[in-house]
Structures are given as C-alpha cells and as structure tokens.
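Chain by chain, the residues:
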Amino acid sequence: MGNHKALTSAVAAIASIATLGALAAPAFAVDAANGTYSPNGKSVAELAKHGAAQRIAAIGNKSAKNVVLFIGDGMGDSEITVARDYLKGANGHFDGLDAVGQPGALDDVQAGTGQYTTFSLGDGSKDSAVGKDGAGKLVANPNPGKLTPVTDSSASGSAWATGTKTYNNAVDVDIYGNPQLNLFELAKAAGKATGNVSTAEIQDATPAVLESHSTERACYGPQGKTDGTSNNASKQCLANQLKENGGIGSISEQLLDTRADVTIGGGSKYFRQTVQGGEYKGKTVWEQAKDMGFQTVENDPAAMNALQYKDGQPVLALMSDGNMPTKFNPSKATAKDPAKDANPTVCTPNDAWLGNRGASLKDMTKKALDLLNANPNGQKNGFLLQVEGASIDKQDHNANACGQIGETDDFDQAIAYAIKNVDLTNTLVIVTADHAHTSQVLNAQPAYALSTVLKSADGNNMVVSYGTAQEASTDAEGGYNGGDMEHTGTQLRIAASGPGAQRVIGLTDQTDNFYTIAGTLGLATSPDEQNALSKDGTVKVARTQAGKYVANVDGFNGDALLSYELKDKNGAVVSKSDSSTPLSGVRVKPAQTTSIALDKMSEGAEYTLTVTGRQSGKVATVAIQAPAAGSADKKPGADKNGVIASGKVPNDSAVSGPFGALGATGTAVMAIAIAAVMLVAIAMLIKAARNARNN
C-alpha cells in the first residue's frame, strides 16, 4: 500500500510538472513527431506565435477610415454556388457577394479576390495547455498544439480577430491559453467606433472573437450555456475563468466590459442568467447591462429600429432568445430516390423570419451603420463593423438546403446595402467566410450520401449533396435529423473593395486578414506595438463617499487583463488577484476605466499597490497612506474626486514575456520551480523502487 501511495504521489508530481511547463511558455513546449510539423518546416510552437502563419507578411497596407467585414459562416464556394444557382440561375449574379472584389463592378474602386487557408492548431481544448475536465478544473496538455486541417468557427474567428493561430474551441487565446488582443480592443485604443452584428447568438464564436477571451467557446454566461434556470458553468467553462473564482468572466460578461458601440444579434436568453461573482453578483446580465449604461432591446425589432445614438450609451439589441429564425422553411436531405427527381423541392418563406418584422440582416446592418456614423468617434476616427450571416453554417450542419440558401440570400442583401451606403474611397469592405462546409452541387443523386433535389431559377433540377456526417441519423420520414454534417478544410474565397483591397489577391491565410484590417485602420499589430499601448498606464486609488477604497486603472490598452497585489508597510500581502491561469485576474475594459475593489484596506494604514498588465508586462506602483478614522468628510490628502494616491507606468517598465506579465524573470522562476518539482518526483520514484525491492 505504501509503494502504491509513493508511486501515485510521484506520478502526480510529474503531472504537475507537465501542467506548469505547458502554462509557462511556448519555449517549454516540445513538438511530438505526429502532427506537429507543417510541410514548410514550421513547428506548431512556431505557428502558434502571433502572426507566424501569415503568407503575405511583407505586403504593406493602404489607409482607410473605416472597415466593414462580412463573414458568411460556413459559406464556402459550394454554398455560394448552391444559393446563386437556386436563386439567380447558373449564370446569375448576386448584387452583393458577386460585386465586392469584382474589378469595375463598383465604379472602378480598388478590388481584389483571392483564397485563404483556414487550418487550426488543435481539435479542441484537449490539445491545449488550458483544457478542462467535467468539473471545469484545469487539465493541461503537456505538448499543446496539433496541426488540424479542419477549423471550427472559434479558431478561425480568433485568427482574423487577433492574427494568432489557435485550437478549435478557443476564443482569442493561443494554444497556451494566453489572451491575444483582438481588433475591437485595438480599435477602441485608437479611438474608433465599433459594431458587431450577427444572426446568431451574440455569444457564438464569430461575434464572440471581437468581444471576449475564453478557453471554451461554450462559456456563454456566468451560468454557462443556459437560460438562467440552471447552472452548467462547470461543464462549459474553465473554472479559473469564472468571476467567482477570480477570473475575467464569461463571454457575455466580457462583452459588456469590452463595450462595443453597437451590438445586435440573438442570444437574449443567456442574458437572463444570474451573475455569480464581482460587483454585479445576484443581478441578471440584462440588469448589469442597464446598470452599465447600455441602451438595451430584448426581442423587439421595432424598438431596435427606433434606436438613436446617445452619448455614452452603447447599444445592446438582441432580437431572439437563441439564433434567429431562417428566411426559408427547412428542407430535408434523404437517401437516393427517383421520386425526388420527379418532384423537386421549392423553398418556401418562413413566417417566423424576423425580416418580416424589420430585423433582417440588411435591416440590422443599416441600423449599425447609422449608429456608427452618428457616433462622434466614428465621424472623427472611423469605425470597424463586423457583420455575420451565421446560419448558412448552422443549416449546412442540418443538411438543410433551403435554410442555407435563404441565409445566403439574407447575407447578400446586407452586403448590397452596405456597398451602396458607404464611401468606398475611405472604407474597405471585405467579404469572406470562416470555414468551408459540406454541401456540393451534383448532376445526379449520389448513391452513398444524402441529397436534396431543388428546382433552380433556371427551371432545372439541381442536386445538393451532403456527405460529411460521421453518424447516420434519420427521422421517421427518412430525412436527415442529426445536425452534425461537418465542416471541410478547403481554402476559402475572400473578396474586398476599397483602399487596400489588393492585399486579398492570391493565396493568403486567415491571420493575414487581421493584418489587412488592422494595418488599413492604423492599429497596433506587432507585439511591441501592442505592448506600447500600455506605456501610459495609470492607477489612482480613491476613497468613495461610502468609505470604500478602489483603484481606478486607465491606459493599459495593450492588455486584456491585469493582476494586482496589495501589501502593507511590512511587506505582507493583504490581497491580490488570482494568477493561476492566463485567464485569471481582472478583465481590462478597453479604453475605459477598470476598477479594482480594495476591500481589505484599513483606515490610517500604509500600503503599496502594484498593478501589472498581464500581456504587456507594464507595471504601475502606488504608495498609499489611507486617511485616518473619522476623516470621511474631510478626506485629508485626497483631491476633489477622493483620490488619495496615484502611480503610473515608468518609462523603464518591465517588458512582456511569453507568459504575459511573468516576463523573462517569471519564466526563469517557472523553470526553477519545474526543476525543483522534478527533483522531488525523481526522489519519490527512487524511494518507491527501493521499497519494491525490499518487499
């Protein structure tokens, strides 16, 4: 029994080494022989670095005031062709999709069309250093990263949102869990207005990559992916990320912290969840949004259309409980049957489609553009708007040809509206997708796949085939009922019109899209440029009217999260943030004041507060003399705002390292810790072996 305990302890110690090593930095990752090297010789560890997967890194940018990025989720070349052939005919033309990127189509503005690659670096969080078990506890892969040819929406979105390749399931974190600054954070740092529109739940992968950082894409809210009547957070979130455990919070909570100027989509039911930690604990997420000054609209297209720009009141308008209803009623893919050729399917309108009530994707795009153009930041500095046609993908998963066709049509009309209502001399419009999908146009029904026969606009039969589901699932009528038709890994079309559109020509990668957008808008793209965004960071410690102490942090715009440590005059730690994982700590509110409650300060005592940017490594230190007891009214030593002490990032502040704020020194400390644990583990194994011989 003793030998068993010794061996178990040794194995546990070695497992802890693997966890520490994986979290420490890419430098500790050792590439395995299977699946970790790309054909051009780059290892996964190399490809995982910010910008390492670019194919056109040497190509410069032209400048634009605004960028509008259109994402057709799951809209590969086949999905575009299916919709065009059915709606317009084989020789037909989309007013939006086929105009952007077409030379001469838009009064000879700059245009470009190309393809881009979409591979990811892991088939789920199990391939990362921040995986989890069923209880949400950290389970680190000691060799994170694996070349994965087929991406999901979260890894692909993270690629164009941050410029960093990552694993499927990740939202703006790399394979080690380190947050990567996204386009909205960088745009807000540059004073630009931001907008996010989707027909999906706004917490879904594509919209989420502009407003949050999460190791698990299903971490929708403080209670997980529920309507608030249950709590599944432990199953769907890394526990360390949750606010009640000292983390930066769920996707919905971070969305509010990011504070985009315009957010329109679905997923309203997830805002009915109850906040579990932090200053809004006990309130619903909707109530938190209202307390934070958002203009909120829940499931009301008329109210959405009535919204106007109000200073300091960003828009949060969620039009449906979940994903929005599709434009067309569903069709079914079934096995080969001659009767389908004789009776081809004709798609029918869906009465539940919100376009019937003024909330089509075109309507939402119009409202977003109106609000961004009315925003003083948009007028002066420009804006970044992302628009997603989400259910092309979702209906492709369902082998629902009519569903995906209607969503492609809705998407096309939104694009057509935009290109007629933006100035293409100062606005770059990009149209692309996040991954390819399963549907194919065939001459005849396939023998070994499911299919739908449609009557196209030409009056001819068009066969749409679906054959990528790993499991067969049919309903009582023989129709496909699984919802698990899978993505494919083929390269994707990307088209652009406006300043800098030529950057999309040829073969690029999804990460190149980040550099195209950020470079065109003049945003910080390199790690050094991003770290420098925190060089003017300040911390002001104030005493509120209620006698509470708070640290107000500004200017750490090169960071996604902060850590802090409060010590008394003897150097004892009074309170500090959790730093156990890369998503533990305080979420930075981009280009806003981030407040840290200092509840354990006592009146009349002396303290030192250190605030560190976890990405930039910038450090601000504040020496604090708390006012004496009984001085609440006079606030001796405080200014008119109650500020009793302040500090800022010095010119020689620490530089960042591979584990955010740990920097080079932190990495060395981590290496020493790993070596120490290794020695203990070896000693335990030797002892166990000796005991085994003696017994």
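Computed from a predicted structure; not experimentally measured.

Chemist: Quick question: what am I supposed to make of the UniProt feature "binding site: Zn(2+) 2" (unreviewed entry) in the protein here?
Modeler: This chain's UniProt record puts "binding site: Zn(2+) 2" (unreviewed entry) on Asp73, Asp393, His397, His435 and His487. In terms of the greatest pairwise C-alpha distance, the residues named above, spread along 415 residues, form a tight cluster of at most 12.4 Å across. Judged by its relative accessible area of 18%, His397 is buried. If near-sequence neighbours (up to four positions away) are discounted, His397 is found in contact with His437, Tyr480, Gly483, Asp484, Met485 and His487. Secondary-structure assignment places His487 in the loop between β13 (461–466) and β14 (492–497). For His487, the contacting residues outside a window of four places in its chain are Val150, Thr151, Asp152, Ser153, Asp393, His397, His435, Ala436 and His437. There is a polar contact of 3.0 Å between the side chain of His487 and the backbone oxygen of Thr151.

Chemist: I tried to follow the packing of helix α3 (residues 77–87) against helix α15 (residues 401–421) on my own but got confused; where do I start?
Modeler: Where α3 meets α15, the axes come as close as 9 Å, and the angle between the chain directions of the two elements is 90 degrees. Looking at the two axes, α3 sits roughly perpendicular to α15. From α3, Glu79, Val82, Ala83, Tyr86 and Leu87 reach across to α15, where they touch Gln404, Ile405, Thr408 and Asp409.

Chemist: I keep staring at the sheet that holds strand β8 (residues 315–318) and nothing clicks. Help me out?
Modeler: Strand pairing in a sheet takes place through backbone hydrogen bonds and is either antiparallel or parallel in direction. One open sheet accounts for ten strands, arranged β7-β8-β6-β5-β9-β1-β10-β14-β2-β15; its pairing is mixed. The sheet terminates laterally at β7 (295–298) and β15 (506–509), the two strands that pair on one side only. Across this sheet, the average inter-strand angle for adjacent strands is 15 degrees, counted without regard to direction. Relative to β14, strand β2 (residues 111–117) runs antiparallel, the two being bridged by six bridges. Opposite Gly114, over in β14, you have Ile494 as the bridge partner. Contacting β1 (66–72), β5 (193–201), β9 (383–389) and β10 (427–433), α15 runs over the sheet at an angle of about 170 degrees to β1.

Chemist: Would you mind showing me how to read the sheet that holds β13 here?
Modeler: Sheet architecture is open: three strands sit in the order β11-β13-β12, paired in antiparallel fashion. The open sheet has two free edges, formed respectively by β11 (440–442) and β12 (450–455), since each of these has just one partner strand. Each adjacent strand pair in this sheet contributes to an overall mean axis angle of 35 degrees, direction not counted. Where β11 meets β13, three bridges bridge the pair, whose relative direction is antiparallel.

Chemist: How should the pattern of salt bridges be read in this particular structure?
Modeler: Pairs can form between side chains of opposite charge once their charged atoms are near each other. A complete count under the given rule lists 17 salt bridges for this structure. Residue Lys126 pairs with Asp127 through a salt bridge whose shortest N-O separation is 3.9 Å. The class of Lys126 is exposed, set by a relative accessible area of 52%. A residue is classified by how much of its surface remains accessible, and Asp127, at 11% relative accessible area, is buried. A salt bridge links Arg272 to Glu298; the nearest nitrogen and oxygen atoms lie 2.9 Å apart. A residue pair is termed long-range when its members are at least 10 positions apart, and Arg272 in the loop between β6 (262–266) and α9 (285–291) and Glu298 in strand β7 qualify at 26 residues. Looking at Arg272, the relative accessible area reads 32%, which means it is partly exposed. Under the relative-accessibility criterion, Glu298 is labelled partly exposed at 35%.

Chemist: Please clarify how the packing of helix α4 (residues 153–162) against helix α16 (residues 510–521) should be interpreted in this entry.
Modeler: The geometry of a pair of packed helices is captured by two quantities: the angle between their axes and the separation between those axes. The contact between α4 and α16 brings their axes to 6 Å, and the two run at 30 degrees. Comparing their axes, α16 and α4 come out roughly parallel. Remark: the crossing between α4 and α16 carries right-handed chirality. Contacts between α4 and α16 involve Ser156, Ala159, Trp160, Ala161 and Thr162 from the first element and Gln510, Thr511, Asn513 and Phe514 from the second. Residue composition of the contact of α4 with α16, by class: four nonpolar, five polar and no charged.

Chemist: What am I meant to see in unusual backbone geometry here?
Modeler: Excluding glycine, most residues fall at negative phi; most peptide bonds, likewise, are trans. The phi dihedral of Asn299 is positive, around 55 degrees, even though this residue is not glycine. Looking at the element boundaries, Asn299 is found in the loop between β7 and α10 (301–306).

Chemist: Would you take a moment to explain the side chain of Asp512 for this structure?
Modeler: Looking at where Asp512 falls in the secondary structure, it is placed in helix α16. Buried within the structure, Asp512 lacks any salt-bridge partner; Arg503 is the closest side chain of opposite charge, at an N-O distance of 4.4 Å. At a separation of 3.3 Å, a polar atom in the side chain of Asp512 contacts the main-chain amide nitrogen of Ile56. If we ignore the near neighbours within four places in the chain, the residues touching Asp512 are Gln54, Arg55, Ile56, Ala57 and Arg503.

Rules behind the numbers
- Residues numbered from 1 in each chain as written.
- Predicted model: local features only at pLDDT ≥ 70, side-chain atom pairs only at ≥ 80, totals over all residues.
- Heavy atoms only, no water.
- UniProt positions renumbered as here; feature names shortened; annotations may be inferred.
- Buried < 20%, exposed > 50% of the residue type's maximum accessible area, 1.4 Å probe, protein only.
- Contact = heavy atoms within 4.5 Å.
- Helix = DSSP H or I, 4+ residues; strand = E, 2+ residues; numbered from the N terminus.
- Polar contact = N/O pair within 3.5 Å; in protein donor to acceptor, adjacent residues only side chain to side chain.
- Axes fitted to C-alpha atoms, helices over the stretch in contact; angles between N-to-C directions.
- Parallel < 35°, antiparallel > 145°, perpendicular 65-115°, else oblique.
- Pairing = 2+ DSSP bridges.
- Salt bridge = Lys/Arg side-chain N within 4 Å of Asp/Glu carboxyl O.
- Left-handed = near helix turned anticlockwise from the far one by under 90°.
- Nonpolar A, V, L, I, M, F, W, Y, C, P; charged D, E, K, R; others polar.
- Lys, Arg positive; Asp, Glu negative; His and termini not counted.

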